[in-house]
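Topology and contacts: notes
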Amino acid sequence: MESLVKEILACTKCQLWKTRTNAVPGVGSRECLMFVGEAPGANEDIEGKPFVGAAGKLLTDLIKEVLGLDRSQVYITNLVKCRPPRNREPTDLEEKTCWPYLQRELEIVRPKVIVALGRHSSSYLLGKIGVTFKTMEEARGKIHAFPILGSQVPLFSTYHPAAALYNPRLKDILVQDFRRIKTYLGGGIDKYLG
Ligand code: SF4
């Protein structure tokens, strides 16, 4: 993991390195829940850590209050490791160029469950297993099997906490989805796979 972090911090493989303050590798525990967001925002870019702004506070609260876990007990990362300027969405090319880092994180962390937060990470990870992403509304709450080094790991999709910050309806859905993750953690994957 240390060498991966060093590579990410020095990476110049896509144009985002030119405008970032810091590249933002993932942080947290191994063999646990892994949350995958979209890309760092302004606070994350300054601090060099994922999910440290308002959306990060909501994620931390959900992890604590719904899952009963401390943030240090999970792994938190992003699909793209550098902040797109002016908070624009990452491009397809930026996502594709940065993907090998997330792939290596998945192989090192070996998560028990992957939670894709938002449209970009959901769409990208579902695309990797041949599932067509249509909308967040349609994809959320569903579970698919994601292969990591020969193991099938459950992949959940839900909304990005940033989308729920000023939308009580989406916040309620996030809470419901986190409750479902908690239910899964107490049971087996079979009842959730189609
Ligand atoms: S976004 Fe990813 S690929 Fe692009 S410079 Fe940053 S670490 Fe490298």
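Just so you know, the residues in each chain are numbered from 1, in the order the chain's sequence is written. Only residues with pLDDT of 70 or above have their local features reported here, since the model is predicted, and side-chain atom pairs are shown and tallied only from 80 upward, although totals for entire chains, interfaces and linings are computed over all residues. With hydrogens and water set aside, each side-chain value is computed from the structure's full complement of heavy atoms.

This part covers the overall build of the protein chain. Secondary structure elements are taken from DSSP: a helix is a run of H or I of four residues or more, a strand is a run of E of two residues or more, and numbering for both begins at the N terminus. Broken down by element type, the protein chain carries eight helices and six strands. Reading the secondary structure of the protein chain in the N-to-C direction produces α-β-β-α-α-β-α-β-α-α-β-β-α-α. Projected onto its principal axes, the C-alpha positions of the protein chain cover 45 × 40 × 30 Å. Residue exposure (1.4 Å probe, protein chains only): buried if accessible area is under 20% of the type maximum, exposed if over 50%, otherwise partly exposed. Looking at the 194 residues of the protein chain, the share that counts as buried comes to 48%.

Right, let's get into the site of the ligand. Nearness is judged by heavy atoms alone; a residue qualifies as near a molecule or strand once a single heavy atom is within 4 Å of it. Lining the immediate environment of the ligand, one finds Cys-11, Lys-13, Cys-14, Leu-16, Trp-17, Arg-20, Val-80, Lys-81, Cys-82, Thr-97, Cys-98 and Tyr-101. Three categories are distinguished: nonpolar for Ala, Val, Leu, Ile, Met, Phe, Trp, Tyr, Cys and Pro, charged for Asp, Glu, Lys and Arg, and polar for the others, with Gly belonging to the last. A breakdown of the residues in the shell around the ligand according to their chemical character gives eight nonpolar, one polar and three charged.

This brings us to the packing of helix α3 (residues 54-65) against helix α8 (residues 168-185). Two numbers describe how α3 lies on α8: the axes approach to 10 Å, and their chain directions differ by 40 degrees. Relative to α8, the element α3 is oriented oblique. Crossing of α3 against α8: the hand is right-handed. Listed contacts from α8 to Leu-58, Leu-59, Leu-62 and Ile-63 of α3 are Lys-171, Leu-174, Val-175 and Phe-178. The residue inventory of the contact of α3 with α8, partitioned by class, reads seven nonpolar, no polar and one charged. A fitted line through C-alpha atoms represents every axis, and for helices the fit uses only the stretch in contact; the resulting angles, taken between N-to-C directions, go from 0 to 180 degrees. The scheme is simple: roughly parallel for angles under 35 degrees, roughly antiparallel for over 145, roughly perpendicular for 65 to 115, oblique for anything else. If you view the pair so one helix is near and one far, a crossing is left-handed when the near helix is turned anticlockwise from the far one by less than a right angle, and right-handed when it is turned clockwise. By the convention used here, residues are in contact when the closest approach between their heavy atoms is within 4.5 Å.

Turning our eyes to something else, we now look at the sheet that holds strand β5 (residues 143-148). Strand pairing within a sheet occurs via backbone hydrogen bonds; the two strands may be parallel or antiparallel. For two strands to be treated as a pair, DSSP must find at least two bridges joining them. The six strands lie next to each other as β1-β3-β2-β4-β6-β5, forming an open sheet whose pairing is mixed. The strands lining the two open edges of the sheet, one partner per strand, are β1 (27-28) and β5. As defined by bridge partners, strand β2 (residues 33-37) adjoins strand β3 (residues 75-78) across four bridges and the pair is classed as parallel. Within β3, the position partnered with Phe-35 by the bridge is Ile-76.

Core analysis: the largest hydrophobic core is formed by 57 residues, its most contacted members being Phe-35, Ile-114, Leu-125 and Phe-178. Counting residues per element, this core draws most heavily on α8, at seven residues. Non-local contacts of Phe-35, meaning those with residues more than four positions away in its chain, are made with Leu-59, Ile-63, Leu-67, Val-74, Tyr-75, Ile-76, Thr-77, Val-115, Leu-117 and Phe-178. Take the buried Ala, Val, Leu, Ile, Met, Phe, Trp, Tyr and Cys residues and link them wherever side-chain atoms come within 4.5 Å; each set so joined is a nonpolar core.

Here we come to the pairing of β2. Counting buried residues along β2, five of its five residues qualify, which places the element largely inside the surrounding structure. Of the two faces of β2, both are covered, the one formed by Leu-33, Phe-35 and Gly-37 as well as the one formed by Met-34 and Val-36. Relative to strand β4 (residues 113-117), β2 is paired through four bridges, and the arrangement is parallel. Bridge assignment links Met-34 to a residue of β4, and that residue is Ile-114.

The next point concerns α8. Expected span of a helix: the number of residues minus one, times 1.5 Å. The end-to-end C-alpha distance of α8, which contains 18 residues, comes to 26 Å, matching closely the 26 Å that a straight helix rising 1.5 Å per residue would cover. As for α8, its buried residues are in contact with β2, α3, β4, β6 (151-158) and α7 (161-164). Polar contact is defined as a pair of N or O atoms within 3.5 Å, subject to the rule that within protein one atom must be able to donate a hydrogen and the other to accept it, and that residues adjacent in sequence are counted only when both atoms are side-chain atoms. The N-cap residue of α8 is Asn-167: its side-chain oxygen and the backbone nitrogen of Arg-169 are 3.1 Å apart.

Positionally, Lys-96 belongs in helix α4 (residues 92-109). Distance in space between the C-alpha atoms of Lys-96 and Val-80 is 8.9 Å, their sequence separation being 16 residues.

Everything listed here is a matter of coordinates, which is why it stays silent on function.
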